[in-house]
Amino acid sequence: GGGSAFRGGTITFAAVELRASLLGRDRVSPYVFGGTGAGVSRPNVNERFPDRVTNDARVLFFGGGIHVPLGERISVFGDVRMVVGVERNDGIIAFAPVRAGVGWRF
């Protein structure tokens, strides 16, 4: 007779991060990081949750990755992070994004 519902939604936040590379930026190097951020969440609206809301959100995150230089000014990276936080009205949030990208120093 029980039930459960998940609202889902989106979160947008700005963050400050501290990253430590173990071998420097001129070599293939693993890195670790941690940080904090603040922003807004917008939970989904559906038949179970009909009210549109916007919540203040605060997050903490940590993770690690790898940095691979391809030349003097270009590199690629990949990392994974764990993000946990709170919303004003809807409780606790958590997600684990995986990122990959290209870095260009100029």
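Conventions and cut-offs
- Residues numbered from 1 in each chain as written.
- Predicted model: local features only at pLDDT ≥ 70, side-chain atom pairs only at ≥ 80, totals over all residues.
- Heavy atoms only, no water.
- Pairing = 2+ DSSP bridges.
- Helix = DSSP H or I, 4+ residues; strand = E, 2+ residues; numbered from the N terminus.
- Phe/Tyr/Trp six-rings, centres within 6.5 Å; stacked < 30°, edge-to-face > 60°.
- Buried < 20%, exposed > 50% of the residue type's maximum accessible area, 1.4 Å probe, protein only.
- Salt bridge = Lys/Arg side-chain N within 4 Å of Asp/Glu carboxyl O.
- Core = buried A, V, L, I, M, F, W, Y, C linked by side-chain atoms within 4.5 Å.
- Contact = heavy atoms within 4.5 Å.
- 1 Å grid on protein atoms, 1.4 Å probe; cavity = no way out; pocket = protein on both sides within 12 Å on 5 of 7 lines; lining within 4 Å.
- Points joined across faces, edges and corners; volume = space filled by probe spheres on them.
- Nonpolar A, V, L, I, M, F, W, Y, C, P; charged D, E, K, R; others polar.
- pLDDT = per-residue confidence, 0-100.

## Quick word on the pairing of strand 2 (residues 29-43)
And step 1. In this structure, strand 1 (residues 9-21) lies alongside strand 2, joined through 13 bridges in antiparallel fashion. Bridge assignment links Val16 to a residue of strand 2, and that residue is Thr36.
And step 2. Both strand 2 and strand 3 (residues 55-69) contribute to a ladder of 13 bridges, which runs antiparallel. Paired with Phe33 across the bridge in strand 3 is Gly63.

## Details of the packing of aromatic side chains
And step 1. Summed over all chains, the structure comprises 3 aromatic pairs.
And step 2. Measuring from ring centre to ring centre gives 6.0 Å for Tyr31 and Phe33, while their planes differ by 35°; the resulting arrangement is tilted.
And step 3. Residue classification places Phe33 among the buried positions, given a relative accessible area of 6%.
And step 4. An angle of 40° between the planes, with centres 5.1 Å apart, marks the rings of Trp104 and Phe106 as tilted. Each member of the pair, Trp104 together with Phe106, is exposed.
And step 5. The rings of Tyr31, Phe33 and Phe61 are connected pair by pair, giving a single aromatic cluster.

## A short note on the pattern of salt bridges
And step 1. For the structure on display, the rule yields 3 salt bridges.
And step 2. In this structure, the salt-bridge partner of Asp79 is Arg99, at a minimum N-O distance of 2.9 Å. With Asp79 in strand 4 (residues 74-87) and Arg99 in strand 6 (residues 98-104), this pair connects stretches of sequence that are 20 residues apart.
And step 3. Put simply, Glu17, Asp79, Arg81 and Arg99 are held in one network by salt bridges that share partners.

## Topic: the nonpolar core
And step 1. Among the nonpolar cores identified, the biggest contains 6 residues, and these are Tyr31, Phe33, Val59, Phe61, Val83 and Ile93.
And step 2. Of all elements in the fold, only strand 2 and strand 3 reach the threshold of two or more residues within this core.
And step 3. Dropping the residues within four chain positions of it, Val83 is found in contact with Val59, Leu60, Phe61, Ile93, Ala94, Phe95 and Pro97.

## Some thoughts on the layout of surface pockets
And step 1. Here the largest pocket defines a volume of roughly 290 Å³.
And step 2. In terms of lining residues, the largest pocket is bounded by 14 residues, among which Phe6, Gly8, Gly9, Glu87 and Ile93 are the most central.
And step 3. At the level of secondary structure, the elements contributing two or more residues to the lining of the largest pocket comprise strand 1, strand 2 and strand 5 (91-95).
And step 4. Here the residues of the lining of the largest pocket sort into 7 nonpolar, 4 polar and 3 charged.

## Overview of the confidence of the model for the protein chain
And step 1. Per-residue confidence for the protein chain averages 89 on the pLDDT scale, and 98% of its residues sit at or above 70.
And step 2. No element of the protein chain has a lower mean pLDDT than strand 5, which averages 85, and none a higher one than strand 6, which averages 94.

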